[in-house]
Amino acid sequence: MLKRALWQGLLAGTAGGVVMTLGEKIEQAVTGRPDSHVPARVLQRLSGLPERPGNQPLPVNWAMHYGQAALLGVLRSIMAQSGLRGPIASAKFTVVRLTSDQILENATGVGAPPTTWPRQELVVDLLHKTVYAFTTGAVADALAARSGPGPGQRHAAVRPGGHARFGPLPRRDAYGAGGRR
């Protein structure tokens with residue numbers, strides 16, 4: 001399961017990053033908002049690369065932007081492989097995406113807590129990260145569905161309706177096909 005989750009997650013996260021970027025470019029064309037150089041600055045601080053004022057090198061910005069998108073996609077793929085799929089799973093993943101950004105930006109001193117941001121900037125960031133999370137989720141869910149239901153979905157199917165005090169699936173059934181998933 002983890003091998004599948006790795007390559008599927010990298011693919012799903014990259015797809016989410018591409019769709020988010022396209023949405024950002026459309027939004028910027030409409031609003032006139034300039035490019036953000038925060039991803040590059042975070043990567044420079046995390047890696048010890050030299051920092052410079054003003055606009056940052058595009059390859060450094062893209063490395064952080066798409067690298068983080070791809071890596072977080074692995075987590076969403078693990079969710080899908082486990083049986084956590086659909087819009088509710090993607091909504092939960094949106095929080096993970098936002099939290100990841102905030103941890104990295106605040107820990108490096110590049111960003112400030114969102115509660116200090118102008119409201120319009122916060123709304124735009126929430127919108128773009130939601131697009132990323134739901135796109136990544138749709139791709140991860142579609143790829144995971146090719147392997148059938150995840151362990152959580154198999155467990156739920158045994159006794160639908162969310163019953164209390166219902167034990168786990170037998171180990172042999174948890175991963176499907178003789179436990180070899």
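Residues numbered from 1 in each chain as written. Predicted model: local features only at pLDDT ≥ 70, side-chain atom pairs only at ≥ 80, totals over all residues. Heavy atoms only, no water.

**A look at the overall build of the protein chain**
Helices and strands together make up the secondary structure of the protein chain, namely seven helices and zero strands. In sequence order, the protein chain lays out its α and β elements as α-α-α-α-α-α-α. A principal-axis box enclosing the C-alpha atoms of the protein chain has dimensions of 60 × 30 × 30 Å. By residue count, 38% of the 181 residues in the protein chain fall in the buried class. For the protein chain, long-range pairs separated by at least 24 residues make up 67% of all intrachain contacts whose partners lie at least 6 apart in sequence. In the structure as shown, the protein chain presents an accessible area of about 10,300 Å², 68% of it carried by carbon and sulfur atoms. Each charge sign in the protein chain was given a centre, from 21 positive and 10 negative side chains, and these centres are 15 Å apart. (Helix = DSSP H or I, 4+ residues; strand = E, 2+ residues; numbered from the N terminus. Buried < 20%, exposed > 50% of the residue type's maximum accessible area, 1.4 Å probe, protein only. Contact = heavy atoms within 4.5 Å. Areas by Shrake-Rupley, 256 points an atom, 1.4 Å probe, with all protein chains shown as cover. Lys, Arg positive; Asp, Glu negative; His and termini not counted. Charge placed at Lys NZ, Arg CZ, Asp CG, Glu CD.)

**Some points on the pattern of salt bridges**
All chains considered together, the criterion is met by seven salt bridges. Note that Glu27 and Arg33 form a salt bridge whose closest N and O atoms lie 2.6 Å from each other. Between Asp141 and Arg76 there is a salt bridge, and its shortest N-O distance comes to 2.9 Å. Of this pair, Asp141 sits in helix H5 (residues 119-145) while Arg76 is found in helix H3 (residues 58-82), placing the two residues 65 residues apart along the sequence. (Salt bridge = Lys/Arg side-chain N within 4 Å of Asp/Glu carboxyl O.)

**Things to note about the packing of aromatic side chains**
The tally for this structure, following the rule as stated, stands at two aromatic pairs. Between the aromatic rings of Trp62 and Tyr66, the centroid separation amounts to 6.4 Å while the plane-to-plane angle is 75°, which identifies the pairing as edge-to-face. Of this pair, Trp62 and Tyr66 both sit in helix H3, four residues apart, which is roughly one turn of the helix. A relative accessible area of 23% places Tyr66 in the partly exposed class. The interplanar angle of 35° and the centroid separation of 5.9 Å between the aromatic rings of Phe93 and Tyr132 together place this pair among those described as tilted. On the criterion of sequence distance, the pair formed by Phe93 in helix H4 (residues 87-107) and Tyr132 in helix H5 is long-range, its members being 39 residues apart. The class for Tyr132 is buried, based on a relative accessible area of 0%. (Phe/Tyr/Trp six-rings, centres within 6.5 Å; stacked < 30°, edge-to-face > 60°.)

**Structural notes on the environment of Gly137**
Topologically, Gly137 is positioned in helix H5. The buried category is assigned to Gly137, whose relative accessible area is 0%. For the pair Gly137 and Met1, spaced 136 residues apart in sequence, the C-alpha to C-alpha distance is 17 Å.

**Brief notes about the environment of Asp35**
Summarising the element assignment, Asp35 is placed in the loop between helix H1 (2-31) and helix H2 (38-47). On a C-alpha basis, the gap between Asp35 and Asn55 in space is 8.9 Å, while along the polypeptide they are 20 residues apart. When near neighbours in sequence (up to four residues on either side) are disregarded, Asp35 contacts Lys25 and Gln28. A polar side-chain atom of Asp35 sits 3.1 Å from a polar atom in the side chain of Gln28. (Polar contact = N/O pair within 3.5 Å; in protein donor to acceptor, adjacent residues only side chain to side chain.)

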